[in-house]
Amino acid sequence: MLNRCRLVAATAARLGCRRGLSSGGAPPPPRPSRLLLAAAVGTAAAAATVAFVDQRRRLAALPGGALTAVTAAAASDNVQPTVYSETKDHALYLTIHLDPRADKREVLRVAANLQKLVDKVCPPDLRDESDETWAGVGFGYSFYRAAVGQSGSAASVDFSYPHRRGALGELPSTGGDLFIHAKSNQVSKLFELCQAVTAAMPKGSVRSFEDIYSFVYRNGRDLSGFIDGTENAADEESRKQIAVARGGGSFVITQRWIHDLAKIRDSKPAELESFVGRDITDSTELRRKSISSHVARMTGGNAFEQKKQFEIVRQSMPYGTVSGESGLFFIAYAASPDNFNFMLDRMVGKGSDSHSDDIMRITRCVAGNYWYFPPTSELAKFA
């Protein structure tokens, strides 16, 4: 339920932004009050929930009874379940670094059987929307080239992730061979899945791995307080067009950011808004913003509602603990790594100008890589 409210809230914020445009130079109408906005979001969320429940009932009547909407879509369009589906309350981000001597064919076999591991953790005949788990698997550039080679659907694409540096910090390239992205409303299911995956890997094949578990914070906000994913396409078909390459594969970026929560807490809202380029309350885009604001860096300019040169499907969520590190695990899908390269270059001032992204004044990136999530038909060949 929360993930659907989150999407509706982001959509409401985006519509509010568009309503700020006016014709003939007239001043924009006043923003709706928070109470009115909350009422609109609540009504839309209720309608979305009714539609979702009706859809679940129709799917439950099919043979097998437990086929979910996203599984049905993936089965029909050759796309892994996590690529353009909605977020859930929690996510698992599992990065695996292999021993150089690992049997690549055996590793591919484990990856190809990911859905079987999901079914063990969450049996199809018992699952419902409260605990269903969607999972997808991707490969790092070097591993994919070595294990799959020229027969792969992404053989001709360079999706290596370069280390980038800018005036406000670095975007390190930390690599990885396998990456699993899974979503569930129960974090325990994700924990079980991580155990199942690591146990299934060939003996001695894993050099190291990192499992990060995320959560929904304040109905879809980042730990900085800003609504996350405001510019995501709201409808499934649009997200699919942005995220899926020809044939059903998708390119993925992952980055782990550690927030300076003390600085965020001590900063005035106006300063934080200048860094991001949005209102912290409702995510409305600022009409006047710096060329170094996050919105301006990502879109390609600081004009109001600047036409975006590239789009991505964000699946990011907060992670961490109060006693340790916390921040945002950034993950997004796109039909080409070019979409990511444009945005990351602009974050560090590479290319058309030398401005770095002001968002890096309150957070720092400590890990990053690109991955390729093959179409389901390609994965099936590895089983």
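Residues numbered from 1 in each chain as written. Predicted model: local features only at pLDDT ≥ 70, side-chain atom pairs only at ≥ 80, totals over all residues. Heavy atoms only, no water.

Per an unreviewed UniProt entry, the protein goes by the name Dyp-type peroxidase and belongs to Macrostomum lignano. The UniProt entry for the protein carries this comment under Cofactor (unreviewed entry): "heme b". (UniProt positions renumbered as here; feature names shortened; annotations may be inferred.)

Trainee: Even after reading the chapter, I still don't get the overall build of the protein, so can you show me in this structure?
Mentor: A count of helices and strands for the protein gives 13 helices and eleven strands. Counting only residues that meet the buried cut, the protein has 52% of its 383 residues in that class. Contacts spanning at least 24 positions in sequence make up 77% of the contacts within the protein whose residues lie at least 6 apart. Total accessible area on the protein is roughly 17400 Å²; 54% of this is exposed by carbon and sulfur atoms. (Helix = DSSP H or I, 4+ residues; strand = E, 2+ residues; numbered from the N terminus. Buried < 20%, exposed > 50% of the residue type's maximum accessible area, 1.4 Å probe, protein only. Contact = heavy atoms within 4.5 Å. Areas by Shrake-Rupley, 256 points an atom, 1.4 Å probe, with all protein chains shown as cover.)

Trainee: What should I look at first to understand the packing of helix 5 (residues 114–121) against helix 7 (residues 187–200) in this one?
Mentor: Helix-helix packing: each pair is described by the crossing angle between the helix axes and the interaxial distance. Remark: helix 5 packs on helix 7, axes separated minimally by 9 Å, with the N-to-C direction vectors making an angle of 135°. With respect to each other, helix 5 and helix 7 are oriented oblique. Considering only the axes of helix 5 and helix 7, their crossing is right-handed. Packed against helix 5, whose contacting residues are L114, L117, V118 and V121, the element helix 7 presents K189, E192, L193, A196, V197 and A200 at the interface. Looking at the contact of helix 5 with helix 7, its residues break down into eight nonpolar, no polar and two charged. (Axes fitted to C-alpha atoms, helices over the stretch in contact; angles between N-to-C directions. Parallel < 35°, antiparallel > 145°, perpendicular 65-115°, else oblique. Left-handed = near helix turned anticlockwise from the far one by under 90°. Nonpolar A, V, L, I, M, F, W, Y, C, P; charged D, E, K, R; others polar.)

Trainee: Can you help me understand unusual backbone geometry in this one?
Mentor: Excluding glycine, most residues fall at negative phi; most peptide bonds, likewise, are trans. A positive phi angle is found at R218, which is not glycine, with a value near 50°. When you line up the elements, R218 lands in the loop between strand 6 (206–215) and helix 8 (236–243). Judged by relative accessible area, R218 falls into the exposed class, the value being 52%. Of note, N219 is a non-glycine position whose phi angle comes to about 60°, a positive value. With respect to the helices, strands and loops of the structure, N219 is situated in the loop between strand 6 and helix 8.

Trainee: Just checking my understanding: could you explain the packing of aromatic side chains for this structure?
Mentor: Summed over the entire model, instances satisfying the criterion amount to 18 aromatic pairs. When the ring of Y144 is compared with that of F159, the centres are 6.0 Å apart and the planes differ by 65°; the resulting orientation is edge-to-face. One end of the pair, Y144, is in helix 6 (residues 141–147); the other, F159, is in the loop between helix 6 and strand 3 (164–166), with 15 residues separating them in the sequence. Just as Y144 is buried, F159 falls in that class too. (Phe/Tyr/Trp six-rings, centres within 6.5 Å; stacked < 30°, edge-to-face > 60°.)

Trainee: How should I be thinking about helix 7 in this particular structure?
Mentor: An α-helix turns once every 3.6 residues. As a result, residues three or four positions apart point the same way. Taking 1.5 Å as the rise per residue, helix 7 with 14 residues should run 20 Å; its terminal C-alpha atoms sit 20 Å apart, in good agreement. Taken together, the buried positions of helix 7 are K189, L190, L193, C194 and V197. The arc enclosing the buried residues of helix 7, seen along the axis, measures out at 140°, which places them on a common side. (Expected span 1.5 Å × (residues − 1). Arc of directions from axis to C-beta.)

Trainee: When you look at the side chain of D77 in this model, what are you seeing that I'm missing?
Mentor: Mapped onto the fold, D77 is located in helix 3 (residues 69–77). Within the structure, D77 has its side chain in polar contact with the backbone nitrogen of V79 (distance 3.1 Å). A distance of 2.3 Å separates polar atoms of two side chains, one belonging to D77 and the other to Y84. When near neighbours in sequence (up to four residues on either side) are disregarded, D77 contacts Y84, K240 and G248. (Polar contact = N/O pair within 3.5 Å; in protein donor to acceptor, adjacent residues only side chain to side chain.)

Trainee: How do you make sense of the pairing of strand 10 (residues 326–334) when you look at a structure like this?
Mentor: For strand 10, the buried fraction is high: nine of the nine residues fall into the buried class. Of the strand pairs in this sheet, strand 7 (residues 250–259) and strand 10 are connected by eight bridges, and their pairing is antiparallel. Its bridge partner lying in strand 10, T254 is registered against I331. Bridge count for strand 8 (residues 313–314) against strand 10 is two bridges, and the pairing is antiparallel. Across the sheet, V313 pairs through a bridge with Y333, a residue of strand 10. By the bridge criterion, four bridges tie strand 9 (residues 317–320) to strand 10 in an arrangement that is antiparallel. (Pairing = 2+ DSSP bridges.)

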